[in-house]
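Take a look at the letters that make up each chain.
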Amino acid sequence: MTSLPTRHLGALTVSAQGLGCMGMSHGYGTSDDAQSTATIHRALDLGTTLLDTSDFYGSGHNEQLLGRALAGSRREQAVIATKFGFANRLGEPLHIRGDAAYVREACDASLRRLGVDHIDLYYLHRVDRSVPIEETVGAMADLVDAGKVRHLGLSEASARTIERAHAVHPIAALQSEWSLWTRDLEAEIAPVCRELGIGIVPFSPLGRGFLTGRYTTLDGLPEDDLRRTQPRFADGNLERNLGIVDTLNALAAEKGVTAGQLALAWVQHRGDDVVPIPGTRREKYLEENLAAVAIELSADELAAIDAAAPAGGVAGTRYDERSLSVVDS
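Below or above, wherever it landed, is the structure these notes cover. (Residues numbered from 1 in each chain as written. Predicted model: local features only at pLDDT ≥ 70, side-chain atom pairs only at ≥ 80, totals over all residues. Heavy atoms only, no water.)

This paragraph deals with the sheet that holds strand β6 (residues 119–124). The strand order across the open sheet built from seven strands is β3-β4-β5-β6-β7-β8-β9, with neighbouring strands paired in parallel fashion. Of all strands in the sheet, those bounded by a partner on one side alone are β3 (19–20) and β9 (199–203). Examined bridge by bridge, β3 and strand β4 (residues 50–52) share two bridges and lie parallel to one another. Across the sheet, residue Gly20 finds its bridge partner in β4, namely Asp52. In the packing of helix α3 (residues 100–114) onto the sheet, contacts are made with β5 (79–84), β6 and β7 (149–155), and the angle to β6 comes to roughly 135 degrees. (Pairing = 2+ DSSP bridges. Helix = DSSP H or I, 4+ residues; strand = E, 2+ residues; numbered from the N terminus. Contact = heavy atoms within 4.5 Å. Axes fitted to C-alpha atoms, helices over the stretch in contact; angles between N-to-C directions.)

This is how it looks when you write it as structure tokens:
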């Protein structure tokens, strides 16, 4: 077993890079539990501690998968992060709940699926705008008092919501999309997190795989792959965005790394309070991602990467209208 550098999410210490488990159950084709379990175990062996899931991924399957993978002594190696808030299941209309009763219900259900007695980091997956955030976080704080949860987090929350939530109970982490092609949080949200001592956990730091250069067309993707619904992968937008990858490939070749590693190293360099969670089901890509932790980038290299994908320079919105409708802004 090896180790990775550590970083802090509030008072929580985790590996400098985590593993996003969503794709093992949701969004990217058929699940393979044996392959996914092997990847989780390999991540732990390589020093990854932060493992990220949600009760929404695979309608609970992802939590069950992670729980089985961590059974026995493996549990002690992991910092389990899960989320609640989507009261619907896959294929149903989106329904967000953050009322106190649902907070308690969702937590107990996640504990059962994970097979653990506590959750290390518990996120509100999406903000319920029909419920005061003070009620939601107050109920989450009660879970901490009860010993069911150790640390609290928010996902895709606005700067004002973060401030209000943190006033009720310390928020350890904000999980939001952050990559070379999604930089929305840089203007207001990241500064607020830093002012309050809240760590940032970027999901999709590789632009749902796009920044690796492996996807130049949607051909070959499963029919239910979520990228088929996302505007940045649509005809016209996809071709324009490939220009970013072409430049990344050239810069990566000069550095002797892959385009994905370069893009991920850029995220790792956003600050010592940033812990990206690239997702994969395959050990090969896990190892490639973790190697990005050790990549050093000079000021000139960072500037060149920034120039390849300037804020606002990506064609298409990051979500379709349905998904954007539940993002707190």
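Still more ground to cover, so stick around.
The computed volume of the second largest pocket comes to approximately 290 Å³. Along the walls of the second largest pocket sit 16 residues, with Glu156, Asp184, Leu185, Arg318 and Val327 positioned nearest its centre. Of the residues in the lining of the second largest pocket, the class split is five nonpolar, five polar and six charged. (1 Å grid on protein atoms, 1.4 Å probe; cavity = no way out; pocket = protein on both sides within 12 Å on 5 of 7 lines; lining within 4 Å. Points joined across faces, edges and corners; volume = space filled by probe spheres on them. Nonpolar A, V, L, I, M, F, W, Y, C, P; charged D, E, K, R; others polar.)

This paragraph deals with the packing of aromatic side chains. Aromatic ring pairs are reported here in terms of the distance separating the ring centres and the angle at which the planes meet. Evaluated as defined, the whole model comprises five aromatic pairs. A centroid spacing of 5.0 Å and a plane angle of 25 degrees characterise the contact between Phe84 and Tyr122, whose relative ring orientation is stacked. Here Phe84 is found in strand β5, whereas its partner Tyr122 is found in strand β6, with 38 residues between them in sequence. A relative accessible area of 0% places Phe84 in the buried class. By relative accessible area, Tyr122 is classed as buried at 0%. Plain terms: the ring middles of Phe210 and Phe233 are 5.7 Å apart, the flat faces sit at 90 degrees to each other, and that makes the pair edge-to-face. On the criterion of sequence distance, the pair formed by Phe210 in the loop between β9 and α7 (237–255) and Phe233 in the loop between β9 and α7 is long-range, its members being 23 residues apart. (Phe/Tyr/Trp six-rings, centres within 6.5 Å; stacked < 30°, edge-to-face > 60°. Buried < 20%, exposed > 50% of the residue type's maximum accessible area, 1.4 Å probe, protein only.)

Here the focus is unusual backbone geometry. Although it is not a glycine, Ser59 sits at a positive phi angle of roughly 50 degrees. Relative to the assigned elements, Ser59 resides in the loop between β4 and α2 (61–69). We classify Ser59 as partly exposed; its relative accessible area is 33%.

Looking now at the environment of Gly10. Within the secondary structure, Gly10 is located in the loop between β1 (6–9) and β2 (12–15). Not counting the four nearest positions on each side in its chain, Gly10 is found in contact with Ala172, Gly197 and Gly199.

Functional significance is not addressed by these values, which are geometric in nature.
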